[in-house]
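# An overview of the molecular structure
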Amino acid sequence: MKTETGVAAKIIYLKDYQAPHYTLEHTELHFELLGDYTEVSAELRFKRALTAPKEAVLTLLGADLELLSVAWSGQLLSANDWQWQDEKWQFAGAGEGGVLSTKVRIYPDQNLALEGLYRSHGLYCTQCEAEGFRKITLYPDRPDVLSTFRTTIVADKASCPVLLSNGNCVATGDSENGRHWATWEDPHPKPSYLFALVAGDLAVLRDSFTTVSGREVALEIYTAEVDQDKCDHAMRSLQAAMRWDEERYGCEYDLDRYMIVAVSHFNMGAMENKGLNVFNTSCVLAHPATTTDAGFQRVEAVVAHEYFHNWSGNRVTCRDWFQLCLKEGFTVFRDQQFSADQLSAVVQRLEDVAFLQTHQFAEDAGPLAHAVRPESFVEINNFYTLTIYEKGAEIARMLHTFLGADGFRRGSDHYFKTYDGQAAIVEDFLNSMAVANGLDAGAFVSQWLRWYRQPGTPVVSVNSVWQKDIQRLTLTLTQTQSSKSSSTPESLPIPVRLGFIGKEGELSTSLNGVTANEHLLVLEQAEQSWQFDDVSQVPVLSLFRDFSAPVRVKAEFGDADLAQLIRLDSNSFNRWSASYALATREILALAEQYRSGDLRAHQPQESALAAAIAEVWSELAASDPALAAKMLQLPSLAYLSDQVACYDPEALQRARESVLLQVIAPLQSALGTVLAKQEMLKPYVYSAQAIAARSVEAVALDGLARLQSGAAAAIAQHWLKEAPHMSAEQAALTTLVHHQLPGADDALQAFYARWKHEPLVLDQWFATQASAPQAETRERVEALLAHSDFDATVPNRVRAVIGQFANNNPVAFHDAEGRGYGLIAKQLLAIDARNPQLASRLAGAFGIWQKLDESRQAHILRELDGLLSGDLSSDTRETLS
Ligand code: 0A1
Ligand code: ZN
């Protein structure tokens, strides 16, 4: 990889890991938050590690710091005493240890990258993961150096009445010139990436939680005063998560306070700083009037995710950033389990799987593919990926399936107990799972580690032979690793949960003398066979139930087989996945006909999917409305693009619309029945049942808009007029705008007038327009970018317009003339100059380029060449390269 100057970018390798030569016993910080700048004084008590050589050098990291003074154990040092190159500061005179005292000046107001200490709209806030702390002070800014912290913050009392940091507040006081101070102590040793400081004018919602051992914990949610009425849901979610983690994982909270702060300028969703989580407002604020069901669910999930990090991430942290999946994959799995327990387990699972299959599978098949534990990286901020989070979670889930719930719990107990207060590696996690379950640890670790080391999505091929005379079915599964995998890929342990579906429903079968409706197999070799007995009729296999492994399955299912699963599988997830598979097949076939100019494609074809759905949908809408809604949400273009070698957005969009029309046409009266219930117009309740009822109505309205646009427009207008909550309002607005129904523009104007003072709702207003699936949206986006409420320094607003256009609007983005690419390239350049992390993530939208036709590829490459020949951050440069 080359930078613009032709110098090789620095690649960091896992194999080069070296333990720190100095450990840090304690960190003392003093922040003077002054108007134009901030002064940070640090006292760091170092001790040479037992394993370090006598001539060891003390190495710290520092970036964008103005160094005012340095002293070693009381003696002032001069620049001749140390070396400082790039970000590395080195001091050879540390001997057995001592206290390093430094003072630096930093400029939070100028920090638009939102990494380190920054100030937006008067609020001081930090983001230190992964390498932001080195922008605050000189420090061993690496996750395997843990220390206790004592932090004093001094600031103007009028503009910053609230001063927060990690741990417990031990003293406060007033000082001269209208200033005041607070001192915080965090008794739990932590790495610098978990440090946090917040100072500003914030209101607070207080509540409490009594832990399982009877300790009272103060819970506090800090927001701008105007947002205090939107904190109840986050507070309830936090309390539920705290209880859940005690019950399911035996994890109890360990400080007297737990604080959440909502900030409007934030690059990610939220951050798990010890005892002081910082949240993007979009992941903490929720109110029925301003937040949709999806928004409520996201708040619940993210609050839980950050809370769960208190053990999986904070108490047991990562030795180095290569081990990121150790905290992220495991914590995502934990938050998925939690969410499944709160609302509908099936809907949770199918949403998580659709997300993984759409985005992570594509990442794993594209130019950005990497292992869950990569061997090298250039820019760590680019490694907060779907592979590490989502595929990492799937590995934890497979271990859970393989070991069983109790076995997995034994393993996690062992892991938390053994590595508490330490920085661990993936092997430690696997080792705990093995040891706690009496398994051969060496064999177990080396086998499961393959999932972490081999990039790419494995393919499992299925072959089954039924012998009528002896009622036996022989199943042969073969695994092959993707070409992304290492040169000598090894077989993976792949859990396969399966059942057998006969003509009337599920069959009970025998495997090794065990008779059951469902079996769990583990495919460990390249090829393996199993014999099932008492198979009384030729069944359709219901494979990988609940998506028991993150693989692509190659099986010779006929349309009728998939239809049989849709109708009769007892596993709801697999009913949905059969409908997804059948929809994909029909859409791809039709798109191919469009591409090849086959005229028959203009005639309506038989749709097995439409027939199967017609048969079950009315009943499903009554018995399981959430699943019924999901059945009508056909695979997105993003998902479909991953299923094809050559991606033609126009043909796929046309084919998708056509199949969707075939599916809903027979359902017109069923959609009417659903809509007649008017569940959408009832007062807001956050429950699985209420959300399911609203979701099926929203999908029904979308369907009706394709069949009877006048009737749909009337209902949408009625919802807008009567809407008791944002879920109704947003569903109506989306239907009007995305289907270009009469009154759409007026509705947009009215919505804007009503909500222009609410930033998160305004984000939705921008996003609804930027994702409208018409070619003209490009011009609309140009206008939105010039709108007085578009602010390119706010990541949420940028994602609402530019992110939605690039990632959620394939029709407009992939404009055949390349104008969509041009628009995004231009914006990327401007954003990158301010906020590299944000730009780098948006740049991922070009990752699809290899699958596009030559002309689109040429358009993209032209834009990329233009960008790469200019001044770019290392983050965005790495992504685009
Ligand atoms: N650890 C946080 C997310 C996060 C990741 C990276 C960041 O900056 C590079 C910031 C936040 C989580 O998983 O919630
Ligand atoms: Zn996380």
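Everything numeric here is computed off the predicted structure, so don't read it as measured data.

### Some details on the overall build of the chain
Regarding its fold elements, the chain presents 26 helices and 34 strands. Scaling as 2.2 N^0.38, a compact globule of 881 residues should have a C-alpha radius of gyration of about 29 Å, and the chain matches this with 28 Å. Each principal axis of the C-alpha atoms in the chain carries an extent, and together these give about 85 × 65 × 60 Å. A sequence separation of at least 24 residues applies to 70% of the contacts in the chain between residues at least 6 apart.

### Things to note about the site of ligand 1
Around ligand 1, a shell composed of 13 residues is seen, among which Glu-129, Met-268, Met-271, Asn-381 and Tyr-384 lie nearest. Within the residue set of the shell around ligand 1, elements represented by two or more residues are strand E20 (270-271) and helix H2 (293-308). Residue classes in the shell around ligand 1 are distributed as five nonpolar, four polar and four charged.

### Side note on the sheet that holds strand E32 (residues 527-533)
The strand order across the open sheet built from six strands is E30-E29-E32-E26-E25-E34, with neighbouring strands paired in mixed fashion. Taken across any chain shown, the strands that pair with only one partner, and hence form the sheet edges, are strand E30 (514-516) and strand E34 (552-554). Across this sheet, the average inter-strand angle for adjacent strands is 30 degrees, counted without regard to direction. In terms of strand pairing, strand E29 (residues 509-511) meets E32 through two bridges, oriented antiparallel. Considered in E32, the bridge of Ser-510 is made with Asp-533.

### Quick word on the sheet that holds strand E18 (residues 216-223)
If you walk across this open sheet you meet the five strands as E17-E18-E19-E21-E20, and the pairing is mixed. Edge positions in the sheet fall to strand E17 (203-210) and E20, since each has one partner strand and no second. Where E20 lies against strand E21 (residues 276-280), two bridges are found, and the strand directions are antiparallel. Counterpart to Ala-270 in the pairing with E21 is Phe-279.

### Topic: the packing of helix H15 (residues 688-707) against helix H16 (residues 709-722)
Two numbers describe how H15 lies on H16: the axes approach to 6 Å, and their chain directions differ by 145 degrees. The residues of H16 that touch H15, namely those facing Leu-701, Leu-704 and Ala-705, are Ser-709, Ala-711, Ala-712, Ile-715 and Ala-716. Residues that form the contact of H15 with H16 fall into these classes: seven nonpolar, one polar and no charged.

### Concerning the environment of Ala-423
With respect to the helices and strands, Ala-423 occurs in strand E24 (residues 422-424). In this structure Ala-423 comes out as buried when scored by C-beta crowding, with 21 C-beta atoms within 10 Å. The spacing of Ala-423 and Trp-576 is 153 residues in sequence and 41 Å in space, taken between C-alpha atoms. Setting aside anything within four residues of it in sequence, one finds Ala-423 in contact with Pro-143, Asp-144, Leu-146, Thr-317, Cys-318 and Arg-319.

### Thoughts on the packing of helix H6 (residues 426-436) against helix H7 (residues 441-453)
Contact geometry for H6 and H7: axes closest at 9 Å, N-to-C directions at 135 degrees. Taken as axis vectors, H6 and H7 run oblique relative to one another. In the packing of H6 onto H7, the handedness of the crossing is right-handed. In this structure, H6 contributes Val-426, Glu-427, Leu-430, Asn-431, Ala-434 and Val-435 to the contact, and H7 contributes Ala-441, Phe-444, Val-445, Trp-448, Leu-449 and Tyr-452.

### Points about the nonpolar core
Val-198, Val-261, Val-278, Val-284 and Leu-701 are the most contacted members of the largest nonpolar core, which has 256 residues in total. Residue contributions to this core peak at twelve residues, all from helix H5 (residues 386-419). Discounting chain neighbours no more than four positions away, the residues touching Val-198 are Tyr-124, Cys-125, Leu-164, Val-261, Leu-276 and Val-278.

### Considering the confidence of the model for the chain
Taken over all residues, the pLDDT of the chain has a mean of 96, while the share at 70 or more is 98%. The low-confidence segment residues 1-7, where pLDDT is below 50, has nine contacts with residues more than four positions distant or belonging to other chains. This complex was scored by the predictor with a pTM of 0.98 and an ipTM of 0.99.

### Let's talk about the pairing of strand E7 (residues 82-85)
Relative to strand E8 (residues 88-91), E7 runs antiparallel, the two being bridged by four bridges. Its bridge partner lying in E8, Trp-84 is registered against Trp-89. With antiparallel pairing between neighbouring strands as the criterion, E7 and E8 make up a hairpin whose turn holds two residues, including Asp-86 at a positive phi of roughly 50 degrees.

### As for unusual backbone geometry
In the segment running from Glu-129 into Ala-130, the intervening peptide bond is cis, with an omega of 0 degrees. Along the polypeptide, Ala-130 turns up in the loop between strand E11 (123-127) and strand E12 (147-156). The backbone of His-121 sits at a positive phi, close to 50 degrees, despite the residue not being glycine. By secondary structure assignment, the location of His-121 is in the loop between strand E10 (116-120) and E11. Positive phi outside glycine occurs at Phe-544, with the angle close to 50 degrees. In this fold, Phe-544 is placed in the loop between strand E33 (540-542) and E34. Taking the number of C-beta atoms within 10 Å as the measure of exposure, Phe-544 has 24 and is therefore buried.

### Observations concerning the environment of Phe-195
Its location among the elements puts Phe-195 in the loop between strand E15 (179-190) and strand E16 (197-200). Put simply, Phe-195 and Asp-702 are 507 residues apart on the chain and 46 Å apart in space, counted from C-alpha to C-alpha. Those residues in contact with Phe-195 that lie beyond four places of it in its chain are Thr-126, Cys-128, Phe-133, Phe-149, Asn-166 and Asn-273.

### Quick look at helix H18 (residues 744-755)
Taking 1.5 Å of rise per residue, twelve residues should cover 16 Å, and H18 covers 16 Å from first to last C-alpha, within 8% of that figure. Buried within H18 are the following residues: Ala-744, Ala-747 and Phe-751. Each buried residue of H18 lies within a common arc of 60 degrees when the element is viewed along its axis, so the set occupies one face. Residues of H18 that are exposed and point over 90 degrees away from its buried face: Asp-745, Asp-746, Gln-749 and Ala-753. Residues of H18 that are buried sit in contact with H16, helix H17 (726-738) and helix H19 (759-770).

Definitions and cut-offs
Residues numbered from 1 in each chain as written. Chains lettered and ligands numbered in written order. Predicted model: local features only at pLDDT ≥ 70, side-chain atom pairs only at ≥ 80, totals over all residues. Helix = DSSP H or I, 4+ residues; strand = E, 2+ residues; numbered from the N terminus. Rg over C-alpha atoms; globule rule 2.2 N^0.38 Å. Contact = placed C-beta atoms within 7 Å. Near = placed C-beta within 6 Å. Nonpolar A, V, L, I, M, F, W, Y, C, P; charged D, E, K, R; others polar. Pairing = 2+ DSSP bridges. Axes fitted to C-alpha atoms, helices over the stretch in contact; angles between N-to-C directions. Buried ≥ 20, exposed ≤ 12 C-beta atoms within 10 Å, placed from the backbone. Parallel < 35°, antiparallel > 145°, perpendicular 65-115°, else oblique. Left-handed = near helix turned anticlockwise from the far one by under 90°. Core = buried A, V, L, I, M, F, W, Y, C linked by C-beta atoms within 7 Å. pLDDT = per-residue confidence, 0-100. Expected span 1.5 Å × (residues − 1). Arc of directions from axis to C-beta.

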